[in-house]
Amino acid sequence: MNDSAAPVAGKTGLEFALLAEDGPARRGLITTAHGPVKTPAFMTVGTAGTVKGMTTEQVQASGAEIILGNTYHLMLRPGAERVARLGGLHRFMNWPGPILTDSGGYQVMSLQELRKITEEGVTFRSHLDGERHNLTPERAMEIQALLDSNITMVLDECTPFPATETEARESMERSMRWAARCRAAFTQRPGYGLFGIVQGGVYPALRRTSAEALIEIGFDGYAVGGLAVGEGQEAMFDVLDATIPHLPRAQPRYLMGIGKPADIVGAVQRGIDMFDCVLPTRSGRTGQAFTRRGSINLRNARHQEDQRPLDPDCPCPSCSDYSRAYLHHLFKAKEMLGPILLTRHNLHYYQELMAGLRQAIEDQRLDDFVAGFARQEAEGDI
Ligand SMILES: CNc1nc2c(CC[C@H]3O[C@@H](OC)[C@H](OC)[C@@H]3O)c3nc(N)[nH]c(=O)c3cc2[nH]1
Ligand SMILES: [Zn+2]
């Protein structure tokens, strides 16, 4: 075990202990007011205060320690002040563990025609009722505090892809000015933290400038944003190679919106500690299952009389209690149990993958783990 196991308190009191390293890869522990998070960690996405189709007990049983909420969705419905009056997001959704909330930057930017970006912030119309809203860095901090989020994300602009270097620079520089305003508006509490978000498109020099600007301001963790926007795995890895060396070793790194299992494995190898992605939940609802031999779609007719479990190597209830034939039937019949069973399996699969990565780093055998992972994926489904 690495001797620098001493927890390192960030500027706002979020502790991160670096427990082991295997090359650039790290095994760590984040300590929040609502409990610990073992890293590398996959954060289950619960955008509107729910992991779709899952009770919080099922999410906990999958091995998840931290889930994501989203400022944009929750500010529109039920409203941040209402969630605060109801005791905060933990009590509202009955999730006792750590919660990270995104600032809403990504969502608002995707409201192409409905939003306007100025130096002040983003004004937009709600996709629900057309009401006008004004999301500023200060308001984004206030909303996430009202939600009682353990890890708050700065308000940023997720630079569209593709973007010219000039477009990426101007977008990144505004996000850095917003990050400073977020830092100034954030209320420090032990066990709660504020993460900055690196932007800069696919341009190494801009990524370095952005990382250095955020370090100058000082954050509890550093996210790599502006990726998983259609750039592809190779470009994403290139951006990580250009960014991670400029991030502090003593704080967690969060790669936003990633990703497929192979993306996560490659990013852990490069030194990323935290991930979020809708893939396991969203694709579970469409019949796509992730297994140790790649992904399969249960809607395919080849499963209609296949009595085997979805993934013979998976200990989850969806694999031990049901057959592929039954799952196929549920999706063909558009029964709600189909998406529920597959979401639960996919979340178990992602958490097992993270547990395997964490153990491999502890045992200093990450390269062997990655080779085994690639071999199994290449074998394809039996
Ligand atoms: C998918 N690719 C991707 N996601 C991204 C997200 C989270 C989306 C947020 O939206 C919800 O999932 C869709 C989640 O909200 C719970 C997530 O946090 C990002 N958020 C910010 N603030 N800045 C970024 O540069 C950014 C880039 C992304 N790329
Ligand atoms: Zn399973």
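Quick caveat: nothing in here was measured; it's all calculated off a predicted structure. (Residues numbered from 1 in each chain as written. Chains lettered and ligands numbered in written order. Predicted model: local features only at pLDDT ≥ 70, side-chain atom pairs only at ≥ 80, totals over all residues. Heavy atoms only, no water.)

Draft legend 1. Structural detail: the environment of asparagine 346. Relative to the elements of secondary structure, asparagine 346 occurs in helix α14 (residues 337-362). Judged by its relative accessible area of 0%, asparagine 346 is buried. Between the C-alpha atoms of asparagine 346 and serine 295, which are 51 residues apart in sequence, the distance is 9.9 Å. Not counting residues up to four positions away in its chain, the partners in contact with asparagine 346 are Pro280, Ser283, Gly284, Gln288, Ala289 and Phe290. Within the local environment of asparagine 346, its side chain forms a polar contact with the backbone oxygen of glutamine 288, the two atoms lying 3.0 Å apart. (Helix = DSSP H or I, 4+ residues; strand = E, 2+ residues; numbered from the N terminus. Buried < 20%, exposed > 50% of the residue type's maximum accessible area, 1.4 Å probe, protein only. Contact = heavy atoms within 4.5 Å. Polar contact = N/O pair within 3.5 Å; in protein donor to acceptor, adjacent residues only side chain to side chain.)

Draft legend 2. A look at the packing of aromatic side chains. Here the structure, examined in full by the defined rule, presents 7 aromatic pairs. Geometrically, the ring pair formed by phenylalanine 290 and tyrosine 349 is stacked, given 6.5 Å between the ring centres and 15 degrees between the ring planes. Residue phenylalanine 290 is located in strand β16 (residues 288-291), and its partner tyrosine 349 is located in helix α14; the two are separated by 59 residues in the primary sequence. In terms of burial, phenylalanine 290 and tyrosine 349 fall into one category: buried. Between tyrosine 322 and tyrosine 326, the ring centres sit 5.6 Å apart and the planes meet at 15 degrees, which makes this aromatic pair stacked. (Phe/Tyr/Trp six-rings, centres within 6.5 Å; stacked < 30°, edge-to-face > 60°.)

Draft legend 3. Local environment of the pattern of salt bridges. One pass over the structure, following the stated rule, counts 23 salt bridges. When the shortest N-O distance is used, the salt bridge between arginine 139 and glutamate 81 registers 3.0 Å. Pair noted here: arginine 139 is in helix α6 (residues 137-146) and glutamate 81 is in helix α3 (residues 80-85), with a separation of 58 residues, a long-range link. For glutamate 81, a relative accessible area of 33% gives the class partly exposed. The salt bridge partner of aspartate 306 is arginine 308, with a shortest N-O separation of 2.6 Å. A cluster of three or more residues bridged by salt bridges with shared partners is formed by Arg302, Asp306, Arg308, Arg324 and Asp381. (Salt bridge = Lys/Arg side-chain N within 4 Å of Asp/Glu carboxyl O.)

Draft legend 4. Representation of the layout of surface pockets. Its volume calculated, the largest pocket comes out at about 640 Å³. Forming the boundary of the largest pocket are 32 residues, of which Val45, Tyr106, Gln107, Asp276 and Val278 lie nearest the centre. The residue makeup of the lining of the largest pocket, split by class, is 14 nonpolar, 12 polar and 6 charged. (1 Å grid on protein atoms, 1.4 Å probe; cavity = no way out; pocket = protein on both sides within 12 Å on 5 of 7 lines; lining within 4 Å. Points joined across faces, edges and corners; volume = space filled by probe spheres on them. Nonpolar A, V, L, I, M, F, W, Y, C, P; charged D, E, K, R; others polar.)

Draft legend 5. Representation of the sheet that holds strand β9 (residues 122-125) within the structure. Across the sheet, 3 strands lie side by side as β8-β9-β10; this open sheet has antiparallel pairing. At either end of the open sheet lies a strand with only one pairing partner, and these are β8 (115-117) and β10 (132-135). For this sheet, the mean inter-axis angle between neighbouring strands, taken without regard to orientation, is 15 degrees. With 3 bridges connecting them, β8 and β9 associate as antiparallel partners. Among the inter-strand pairings, arginine 115 is bridged to a residue of β9, identified as phenylalanine 124. (Pairing = 2+ DSSP bridges. Axes fitted to C-alpha atoms, helices over the stretch in contact; angles between N-to-C directions.)

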